[in-house]
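# An overview of the molecular structure
Each chain, written out:
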Amino acid sequence: MTTSVSLGTGASMPIVGLGTWRASEGQVGQAVRAAILSGYRHIDGAFVYQNEAEVGAGLKAMMQQGVVKREELFIVSKAMEELVDCGLVKAIGVSNFNQQQIEAILNKPGLKYKPANNQIECHPYLTQEKLISYCHSKGISVTAYSPLGSPDRPWAKPDEPSLLEDPKIKAIASKHSKTSAQVLIRFHVQRNVAVIPKSSNPQRIKENFQVFDFELSAEDMKTILSFNRNFRGFKMEWASQHKDFPLNAEC
Ligand code: A2P
């Protein structure tokens, strides 16, 4: 059973992690504690989420209580080459990079650290097959953000498709006696893609980790891949005029 993804550095990353973007202060600490108690060992964070101190406090509490050891944890922030030099971080990756941009980095003369990971939006409406297979062919692991379609994204429009409500996903879920969320998460695990469902709710945090006791058939996977419609919940329109805007490329 796949429970981790290899990074090119020799380190490995637990395949299911807790997403913390939009987990508010006052909530995220208990979400982190619930996740650790449910077995998560991978927490995805970033300075811009404005909650890293509370994430850290939650982790510290779990370590102090002897639930988890520091060396068992895989913590993602959004970090940099000098931190690898200092030994403060073990691997660095990129996010929202398209194939051409990754290629440009890999071809950079004097490249110090190959990106270990590309974190991208990915779910059945945006299956990213080409980009994932390109990254994997270069030994770059992929993490899927927005695996449940981020229904709480503030700019969601009522007419946009909903993964969690999709009857075709629900049908696959009921066939396996699982929830839609569990199918949406398991879809990545079977593609050897790490996945970071966000939840602040201890029940759902637990549910989202119970994805290692069933298997989607090859037919299920094919069906789910056929739902692709290149739909992005994160269009990042505010950056669309930037010369390096990554999301116009086909992959
Ligand atoms: P909540 O934090 O209240 O659980 P994504 O990971 O795609 O960004 O989606 C996160 C959103 O999905 C949040 O609104 C979260 O709400 C909700 N969510 C997380 N887990 C589940 C689940 N198992 N079932 C239904 N909704 C979920």
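Keep in mind the model is a prediction, meaning the values are calculated, not measured.

## Looking at the overall build of the chain
What the chain contains, in helices and strands, is nine helices and nine strands. Its C-alpha atoms give the chain a radius of gyration of 18 Å, within 12% of the compact-globule value 18 Å for 251 residues. When its C-alpha atoms are laid out on the principal axes, the chain stretches across 50 × 45 × 35 Å. The buried share of the chain, taken over its 251 residues, is 48%. A fraction of 73% describes how many contacts in the chain between residues 6 or more apart in sequence connect residues 24 or more apart. Within the structure as shown, the chain displays about 12900 Å² of accessible surface, and the carbon and sulfur contribution to it stands at 52%. A distance of 2 Å separates the average location of the 29 positive side-chain charges in the chain from that of its 25 negative side-chain charges.

## Overview of unusual backbone geometry
With phi around 60 degrees, Asn192 is a residue other than glycine that occupies positive phi space. Mapped onto the fold, Asn192 is located in the loop between α7 (180-189) and β9 (194-195). Of note in this structure, Met236 is not a glycine but carries a positive phi near 50 degrees. Position of Met236 relative to the elements: it lies in the segment after α9 (218-225). Given a relative accessible area of 18%, Met236 falls into the buried group.

## A look at the side chain of Glu121
For Glu121, the position within the fold is in strand β7 (residues 117-121). Of the buried charged residues, Glu121 lacks a salt bridge, with Arg232 as the closest side chain of opposite charge at 4.8 Å. Polar contacts involving the side chain of Glu121 include one to the main-chain amide nitrogen of Phe234, which spans 2.9 Å. Among residues more than four places away in sequence, those in contact with Glu121 are Leu126, Gln128, Tyr145, Ser146, Phe231, Arg232, Gly233 and Phe234.

## Focus: helix α1 (residues 28-38)
Restricting attention to buried positions, one finds in α1 the residues Val28, Gly29, Ala31, Val32, Ala34, Ala35 and Ile36. If you follow the buried residues of α1, they end up packed against β3 (18-19), β4 (42-44), α2 (52-64) and α8 (202-209).

## Some thoughts on the sheet that holds β3
Backbone-to-backbone hydrogen bonds pair the strands of a sheet. The strands run either parallel or antiparallel. One open sheet holds the three strands; their spatial order is β3-β4-β5, and the pairing between them is parallel. Two strands bound the open sheet, and with one partner strand each, they are β3 and β5 (74-76). Of the strand pairs in this sheet, β4 and β5 are connected by three bridges, and their pairing is parallel. For Asp44, the partnering residue across the bridge sits in β5 and is Val76.

## Here's the deal with the packing of aromatic side chains
Across all of its chains, the model carries seven aromatic pairs by this definition. The interplanar angle of 85 degrees and the centroid separation of 5.4 Å between the aromatic rings of Trp155 and Phe234 together place this pair among those described as edge-to-face. Of this pair, Trp155 sits in the loop between β8 (141-145) and α6 (167-175) while Phe234 sits in the segment after α9, and the two are 79 residues apart along the sequence. Judged by relative accessible area, which is 40%, Trp155 ranks as partly exposed.

## Here we look at the site of the ligand
Leu148, Ser150, Lys198, Ser199 and Arg204 are the nearest of the 18 residues found near the ligand. At 3.0 Å from an oxygen atom of the ligand is found a side-chain nitrogen or oxygen belonging to Arg22. A distance of 2.9 Å is found between a nitrogen atom of the ligand and a side-chain nitrogen or oxygen belonging to Asn208. In isolation the ligand exposes 570 Å². Once the protein is present, 84% of that is buried. Split into classes, the residues belonging to the shell around the ligand amount to six nonpolar, seven polar and five charged.

## Some words on the nonpolar core
Counting residues in each nonpolar core, the largest one holds 47 residues, and the members touching the most others are Val16, Leu18, Val32, Ile36, Val183 and Leu216. Looking at this core, the elements with two or more residues in it are α1, α2, β5, α6, α7, β9, α8 and α9. Ignoring anything within four residues of it in the chain, the contact list for Ile36 reads Arg41, Ile43, Leu59, Met62, Val67, Val68 and Leu73.

## As for the state of the cysteines
The tally for this structure, following the rule as stated, stands at zero disulfides. The cysteine Cys122 is free of any disulfide, with Cys135 supplying the nearest cysteine sulfur at 11 Å. The class for Cys122 is buried, based on a relative accessible area of 0%.

## Quick word on the sheet that holds β8
The strand order across the open sheet built from four strands is β6-β7-β8-β9, with neighbouring strands paired in parallel fashion. Of all the strands in the sheet, just β6 (94-95) and β9 have a single pairing partner and so form its edges. Here two bridges tie β8 to β9, and the two strands are oriented parallel to one another. Paired with Ala144 across the two strands is Val195, which belongs to β9.

Scoring rules and cut-offs
Residues numbered from 1 in each chain as written. Predicted model: local features only at pLDDT ≥ 70, side-chain atom pairs only at ≥ 80, totals over all residues. Heavy atoms only, no water. Helix = DSSP H or I, 4+ residues; strand = E, 2+ residues; numbered from the N terminus. Rg over C-alpha atoms; globule rule 2.2 N^0.38 Å. Buried < 20%, exposed > 50% of the residue type's maximum accessible area, 1.4 Å probe, protein only. Contact = heavy atoms within 4.5 Å. Areas by Shrake-Rupley, 256 points an atom, 1.4 Å probe, with all protein chains shown as cover. Lys, Arg positive; Asp, Glu negative; His and termini not counted. Charge placed at Lys NZ, Arg CZ, Asp CG, Glu CD. Salt bridge = Lys/Arg side-chain N within 4 Å of Asp/Glu carboxyl O. Polar contact = N/O pair within 3.5 Å; in protein donor to acceptor, adjacent residues only side chain to side chain. Pairing = 2+ DSSP bridges. Phe/Tyr/Trp six-rings, centres within 6.5 Å; stacked < 30°, edge-to-face > 60°. Near = heavy atom within 4 Å. Nonpolar A, V, L, I, M, F, W, Y, C, P; charged D, E, K, R; others polar. Core = buried A, V, L, I, M, F, W, Y, C linked by side-chain atoms within 4.5 Å. Disulfide = S-S within 2.5 Å.

Functional significance is not addressed by these values, which are geometric in nature.
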